[in-house]
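Given next are the chains, with one letter for each unit.
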Amino acid sequence: MFRVCQIYCHGELLRQVQMARLYQDDKQFVGMPLSSTPDQVLRHFHELAQAYNLSIPLQELQRQPPLGKKVKPEVFSHPEQFSLIYSRHRFIVPSGRFVEFYYWDSYWVMEGLLLSEMPETVKGMLQNFLDLVQTYGNIPNGARVYYLQQSQPPLLTLMMDRYVAHTNDTTFLRDHIETLASELDFWTKNRSISVSSGGKSYSLNHYEVPYGGPRPESYSKDAELAATLLEGNRDALLAELKAGAESGWDFSSRWLVGGRNPSSLSSIRTSKLVPVDLNAFLCQAEGLMSNFYSRLGNDSEAAKYRNLRAERMAALKDVLWDEDKGAWFDYDLENEKKNLEFYPSNFAPLWAGCFSDPDDVDKALKYLEDSRILTYQYGIPTSLQKTGQQWDFPIAWAPLQDLVIRGLAKSPSAKAQEVAFQLAQNWIRTNFDVYSKKSAMYEKYDISNGGQPGGGGEYEVQEGFGWTNGVALMLLDRYGDRLSSGAQTTFLAPYCLAATLLFSLLPQ
């Protein structure tokens with residue numbers, strides 16, 4: 001693993017190839033398999049480096065064929081030649097440039113697969129994730145060796161819950177309950193932070209990657225951004241970029257607020273914020289673990305996780321909840337205040353069921369109205385900040401629609417349920433309108449001036465797309481008898497879209 005990381009994760013070979021911009025997308029290079037052993041590739045590179053005094057001409061880099069063009073079955077027998085991490089079971093990838101599986105994307109993909117009656121595929125994907133925890137101690141951002149430094153939002157326990165609820169496969173749960181616990185332990189040991197409020201100290205979690213260096217898949221962009229700072233500040237910037245990638249929101253004004261220049265990515269400070277959604281996900285996972293252990297007859301472990309959930313719910317209320325606004329907000333550790341900007345993640349505790357006061361739903365709904373979010377007809381914006389980053393206005397993402405819609409739909413309030421339906425109607429109509437024009441689903445949408453494929457960020461918008469399809473299927477399943485496309489084919493359109501999504505989820 002060490003030798004292959006000298007090619008794919010860090011080192012002079014990676015720097016020279018990526019900074020030479022041999023490929024339009026940095027991710028293309030680090031996704032290629034080796035055509036020979038890492039030692040042979042590195043030896044050949046060092047010979048070139050010596051011959052040209054470390055300044056290898058572009059034509060020489062282009063001439064050398066150290067990397068192939070496709071991932072081959074030899075990834076199992078020769079893992080040292082690939083950046084891809086071997087997986088025993090079939091899986092669904094997001095699509096486009098993302099030809100490996102990713103952590104939090106896979107939850108919404110699995111929801112779509114279960115609705116498509118494909119539980120065995122879900123079980124295989126779950127097993128792949130469990131294998132990663134057993135091998136590495138956590139689940140990396142995606143199935144590449146260069147992602148091993150960072151994880152992504154922790155949804156493994158929820159994935160298991162959805163699979164077991166669909167199949168009643170208690171044996172699979174029993175066999176892997178300790179691995180689920182190990183993954184949560186990673187977040188406790190490596191991503192915890194103490195926060196004081198009202199004279200009390202609370203343990204919450206944040207995203208943090210304690211390693212510098214450019215992200216291999218975006219090497220040239222990171223290196224160029226770091227070069228704009230003083231040398232002593234560069235490693236901190238690069239670590240914060242990786243933490244931003246770990247959050248899944250790469251990148252957003254959420255991680256820039258409070259910095260020297262909140263409009264510039266060079267001000268990113270992800271680890272200095274306590275995110276609402278991360279802590280809601282962990283609160284939900286702790287509740288599910290308590291339920292799992294009760295189901296398996298282990299009362300002491302059930303009580304342990306029940307207490308952990310209660311402690312985190314108290315922290316969510318005391319640290320992240322704002323009574324005046326009626327919502328939860330990220331907490332800025334350095335400036336000791338909440339970030340009161342709108343993000344759909346502010347609704348994550350409703351989605352996760354991690355609140356105790358039933359009135360919180362009505363307060364959150366009023367906050368949604370006060371923020372004028374209901375005036376957006378094509379989807380819920382990721383923020384109200386226009387920074388050019390892909391996790392900001394005017395971009396809308398499927399999983400964030402789900403956070404708000406299901407958070408409201410679970411409420412006994414008739415008004416909240418009706419707002420949830422209308423938000424679902426808006427999103428499905430955008431999906432259908434764009435599909436009608438482009439014959440594709442997209443990873444993200446631009447909701448300004450009508451629904452369009454999204455933009456911003458570090459790469460072109462991708463077609464596919466795993467979590468978009470999964471969320472659409474979930475909404476069609478919940479509201480299919482009420483949804484319309486806005487066209488004359490009112491009753492036909494949602495079901496045609498559902499059929500399209502089903503075929504797009506089938507393993508290729």
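Just above sits the structure.
From a predicted model like this one, the values you see are computed outputs, not experimental measurements.

Criteria and cut-off values
Residues numbered from 1 in each chain as written. Predicted model: local features only at pLDDT ≥ 70, side-chain atom pairs only at ≥ 80, totals over all residues. Heavy atoms only, no water. Helix = DSSP H or I, 4+ residues; strand = E, 2+ residues; numbered from the N terminus. Pairing = 2+ DSSP bridges. Expected span 1.5 Å × (residues − 1). Buried < 20%, exposed > 50% of the residue type's maximum accessible area, 1.4 Å probe, protein only. Disulfide = S-S within 2.5 Å. Polar contact = N/O pair within 3.5 Å; in protein donor to acceptor, adjacent residues only side chain to side chain. Contact = heavy atoms within 4.5 Å. Core = buried A, V, L, I, M, F, W, Y, C linked by side-chain atoms within 4.5 Å. Salt bridge = Lys/Arg side-chain N within 4 Å of Asp/Glu carboxyl O.

K.L.:
Sorry, what's going on with the environment of Phe-329 here?
P.N.:
Structurally, Phe-329 can be placed in the loop between strand E5 (327-328) and strand E6 (331-332). Separated by 54 residues in sequence, Phe-329 and Pro-275 place their C-alpha atoms 7.5 Å apart.

K.L.:
What should I look at first to understand the sheet that holds E6 in this one?
P.N.:
Through backbone hydrogen bonds, the strands of a sheet pair up, either in parallel or in antiparallel fashion. The three strands are arranged E3-E6-E7 in an open sheet whose pairing can be described as antiparallel. The outermost strands of the open sheet, each flanked by one partner alone, are strand E3 (273-274) and strand E7 (337-338). Two strands pair when backbone bridges link them, and E6 and E7 are joined in this way by two bridges, in the antiparallel orientation. Across the sheet, residue Asp-332 finds its bridge partner in E7, namely Lys-337.

K.L.:
Quick question: what am I supposed to make of the sheet that holds strand E8 (residues 395-397) here?
P.N.:
Across the sheet, which stays open at both edges, the three strands sit in the order E8-E9-E10 with antiparallel pairing between neighbours. What marks the edges here is a single partner per strand, and that holds for E8 and strand E10 (452-453). Here strand E9 (residues 444-446) pairs with E10 via two bridges, running antiparallel. In the sheet register, Tyr-445 faces E10, and the bridge partner there is Pro-453.

K.L.:
Looking at this structure, how should I read helix H11 (residues 231-247)?
P.N.:
In an α-helix, one turn spans 3.6 residues; hence positions three or four apart end up facing the same way. In this model H11 runs 26 Å from its N-terminal to its C-terminal C-alpha over 17 residues, within 8% of the 24 Å that 1.5 Å per residue would give. By the burial criterion, the buried members of H11 are Leu-237, Leu-238, Ala-239, Glu-240, Leu-241, Lys-242, Ala-243, Gly-244, Ala-245, Glu-246 and Ser-247. Note on H11: the residue one or two positions beyond its end, Gly-248, has a positive phi of about 85°.

K.L.:
Please clarify how the state of the cysteines should be interpreted in this entry.
P.N.:
By definition, a disulfide is the covalent link that joins the sulfur atoms of two cysteine residues. Going through the model one piece at a time under the given rule, you end up with one disulfide. Disulfide pairing is shown between Cys-283 and Cys-354; the S-S distance is 2.3 Å. Here Cys-283 and Cys-354 share a disulfide; its torsion about the S-S bond, -105°, makes the bridge left-handed. Here Cys-354 lies in the loop between helix H14 (348-352) and helix H15 (359-370) and Cys-283 lies in helix H12 (residues 276-295), a separation of 71 residues in the sequence.

K.L.:
What am I meant to see in the side chain of Ser-271 here?
P.N.:
Residue position: Ser-271 is located in the loop between H11 and E3. Looking at Ser-271, its side chain comes within polar contact range of the side chain of Glu-240, at 2.6 Å. Within the local environment of Ser-271, its side chain forms a polar contact with the side chain of Lys-272, the two groups lying 3.3 Å apart. Setting aside its immediate chain neighbours within four residues, Ser-271 contacts His-206, Tyr-207, Glu-208, Glu-240 and Leu-333.

K.L.:
Would you take a moment to explain the nonpolar core for this structure?
P.N.:
Soluble, globular proteins show a tendency: their nonpolar side chains are buried together. Counting residues in hydrophobic clusters, the biggest one holds 149 residues, and the most contacted among them are Leu-156, Leu-368 and Leu-408. Here this core gets 11 residues from one element, more than from any other, and that element is H12. Among residues more than four places away in sequence, those in contact with Leu-368 are Phe-342, Phe-347, Ile-373, Leu-374, Val-404, Leu-408, Val-419 and Leu-423.

K.L.:
Would you take a moment to explain the pattern of salt bridges for this structure?
P.N.:
Between side chains of opposite charge, a pair can form as their charged atoms come close. This structure, assessed with the given rule, holds 23 salt bridges. A salt bridge links Arg-406 to Asp-402, with the shortest nitrogen-to-oxygen separation between them at 2.7 Å. With Arg-406 and Asp-402 both in helix H16 (residues 398-409) and four residues apart, the pair spans about one turn of that helix. Note on accessibility: Arg-406 and Asp-402 belong to one class, buried. What emerges from the salt-bridge pattern is a single network uniting Glu-111, Asp-161 and Arg-162.

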